[in-house]
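# Per-entry structural report
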Amino acid sequence: PRPAMPRPAPRPVRTWDEDEEVLSEENEISPRRRGRSGGSKTLFFALLLLAPLVGGGYYFYGQYTAKRNREVKLNLEKASAELKHDSYASYQKACDYASAALDLDPSSVAAHGYLAYAWAIRWGEHGGGDEARKQAEEHLAQAKQGHELSSQLYAAEALIKTYGGRGKEALAELDARVKQFEAEGKHSSLLSLTLGLIQMNAGDLEAAKSSLEKAQSLAPDDPRVYAALGTLYRRLGQDNTAWKNYDFALRYERNHPESQLGKALLMLEQENAQYYVGAAKMIQALIEADPPPSPRQLATAKLARAFLVSRISNEVGHYKPEDQKQLLEGAHVPADKKAAEAEIAKAEDEGFTLDKTNPELHLIKGRRLFLEGQIDPAVEEIRTAVKMDPTRAQFYVELARALMAKKGGEKEAQEALETAIRTMGNSPKLVLMLGQAYQRQGQLDKAIAQFELAVGDGKQKAPEAKLALGAALREKKDYAKAIDLLTKAAQEFVGQDDRIAAAYTELARALEEKGDREKAGETYQQALKADADYAPSYYFFARYLAADKANAAKAKIAAQEYLRREPKGEYSEAAQRLAQ
């Protein structure tokens, strides 16, 4: 037989006194209420009559609330979809939809979060000015009053601080937040993307790569992530990978403005005019787009057009007459040199008129001047970019690169990099370039100290720093450490053929100087297999072969190959002697 079930204890029920809420036992009536039983009956019948009206009111209120919630949700879904398009027009639409949601529910943290994020992008990336900044900050403050988790809220907060010159603080906070969420099993592509963008801005390219790849794995169809990866790989010097990422972005968002601009500028940085016509078409498509891009994007397109005209005008004479005609007509560039110069001046003037506050425009102009051989004006343009935004590591990298192209400019490059590091901290890219500036001045011990700082504890990938440190240690004749570092660098340069070839070339030199000629010869050949277009490998291999009279003919061929690729290269004089 089943055991007897225990009887439940009597439940306390709520009864009301005149002045306060009190609890008494079931079926008991407060003494002060006993004298009012007649009034209670009257009240009972009155409530009975009102019950249908109250019930109907609750029903209609419930219907209204449900409808309002559905409309809020629908507007937020539309805002989210527009944010994904990542264009000036789509951010405007996202703000409209999120504002509509906010009109329906003024307490919506999600709506405030979307608005804070969209306005932050419109301010920092599209040149929206003080009004956009004000909107972003106000909606962020409203969103933070709620108690809901919102990726847009945290992303907006980090971007607002970054664009407001507090990138270091934004990076530390967002990095800690992302790590905390991931420890709790929470993942956000938006937060990983934002973290990657801020890390890239600070010059920590390896950390940025990790964050952006994580964002891509979480959101494999987000064009903004691919565009960011394209920019990252451009800065890493991995042009093929950058190209592929821009193409992915354009596959998911056919007319994605940032990817069109990024890919066009990447094409113009190539030493191959066959890409220039394609760049011209993308730039023109942006200039004529409907709806138009943001004034900032349009201004950048104008500067890119000036860059394009400069490259074609200065290089067209190196091609056959039929190829010259095809290039000039395909890119709509005037054949007359003075007409081309006038178009460059006009395009740049229009760009700076459209957007007076964008340091990127000065950087593009600086690159144009640099490639034209106008080093001093190029340095001044990049200095202007640095003054406009001293928090961007990439600007200091570009400035140092231009300064080191000047005769005796290494000291100025060193000073610029030291200033950047004092301002922004030990960014791996800045530290690496500071070491290179010391090395160019013959201060090898100081260079090694900076390279070691860039390598860190050795646990993370830092192939450029390991290559630089390995080469410096080879100069110091510390062959054991040099060989270890250069071997690791060659392994870490995944998919970067020219950098793999550079690492193998330095490794072969270390082995050769150590006395292991057999292993050195094999390694030189590994370098040539990694990238047949990496010219220094041919020179050092030629020098290696020339040490053995039996290989004199091969040494001559290798030297000639170097000169064919770099007739005015760093080793051209020595290669000329080997090639005779």
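Scroll up to find the structure.
First things first, this report covers the structure right here in the doc. From a predicted model like this one, the values you see are computed outputs, not experimental measurements.

About the criteria used
Residues numbered from 1 in each chain as written. Predicted model: local features only at pLDDT ≥ 70, side-chain atom pairs only at ≥ 80, totals over all residues. Heavy atoms only, no water. Phe/Tyr/Trp six-rings, centres within 6.5 Å; stacked < 30°, edge-to-face > 60°. Helix = DSSP H or I, 4+ residues; strand = E, 2+ residues; numbered from the N terminus. Buried < 20%, exposed > 50% of the residue type's maximum accessible area, 1.4 Å probe, protein only. Polar contact = N/O pair within 3.5 Å; in protein donor to acceptor, adjacent residues only side chain to side chain. Contact = heavy atoms within 4.5 Å. Salt bridge = Lys/Arg side-chain N within 4 Å of Asp/Glu carboxyl O. Expected span 1.5 Å × (residues − 1).

### Here's the deal with the packing of aromatic side chains
Applying the stated rule across the entire model yields 13 aromatic pairs. With a centroid separation of 5.7 Å and an interplanar angle of 50°, the aromatic rings of Tyr-154 and Phe-181 are classed as tilted. On the criterion of sequence distance, the pair formed by Tyr-154 in helix α6 (residues 151–163) and Phe-181 in helix α7 (residues 167–183) is long-range, its members being 27 residues apart. Phe-181 matches Tyr-154 in its accessibility class, with the two residues each being buried. Clustering of aromatic rings is evident, with ring pairs tying together Tyr-539, Phe-540, Tyr-562 and Tyr-571.

### Quick word on the side chain of Lys-466
Topologically, Lys-466 is positioned in helix α23 (residues 463–475). A polar contact is formed between the side chain of Lys-466 and the side chain of Glu-492, at a distance of 2.5 Å. Those residues in contact with Lys-466, other than ones at most four positions away along the chain, are Val-455, Gly-458, Gln-460, Leu-485, Leu-486, Lys-488, Ala-489 and Glu-492.

### Looking at the pattern of salt bridges
Tallying each qualifying case throughout the model produces 43 salt bridges. Between Glu-157 and Arg-177 there is a salt bridge, with the nearest N and O atoms lying 3.5 Å from each other. Placement of Glu-157 in helix α6 and of Arg-177 in helix α7 is noted, with a sequence separation of 20 residues between them. For the salt bridge of Glu-169 with Lys-161, the shortest nitrogen-to-oxygen distance reads 3.0 Å. Look at Glu-169 and you get partly exposed, because its relative accessible area is 32%. Judged by relative accessible area, Lys-161 falls into the buried class, the value being 12%. Overlapping salt bridges bring together Arg-234, Glu-269, Arg-367, Glu-398 and Arg-401 as one network.

### Some thoughts on helix α10 (residues 223–236)
The end-to-end C-alpha distance of α10 is 20 Å, a good match for the 20 Å that 14 residues give at a rise of 1.5 Å each. In terms of residue burial, α10 counts as a mostly covered element, since 13 of its 14 residues are buried. Two or three places before Arg-224, at the start of α10, stands the capping residue Asp-222, its side-chain oxygen 3.0 Å from that residue's backbone nitrogen.

### A look at helix α24 (residues 479–492)
Its 14 residues give α24 an end-to-end C-alpha distance of 20 Å, which sits within 8% of 20 Å, the value for a rise of 1.5 Å per residue. Looking only at α24, the buried set comprises Tyr-479, Ala-482, Ile-483, Leu-485, Leu-486, Ala-489, Ala-490 and Glu-492. Where the residues of α24 are buried, they touch α23 and α25 (497–514).

### Quick word on unusual backbone geometry
Look at the link from Asp-290 to Pro-291: it is a cis peptide, with omega at 5°. Along the polypeptide, Pro-291 turns up in the loop between α13 (276–287) and α14 (295–315). Of note, His-332 is a non-glycine position whose phi angle comes to about 55°, a positive value. Along the polypeptide, His-332 turns up in the loop between α15 (321–331) and α16 (337–354). Under the relative-accessibility criterion, His-332 is labelled exposed at 62%. With a phi angle near 65°, Lys-477 is a residue other than glycine that sits in the positive phi range. Among the secondary structure elements, Lys-477 is positioned in the loop between α23 and α24.

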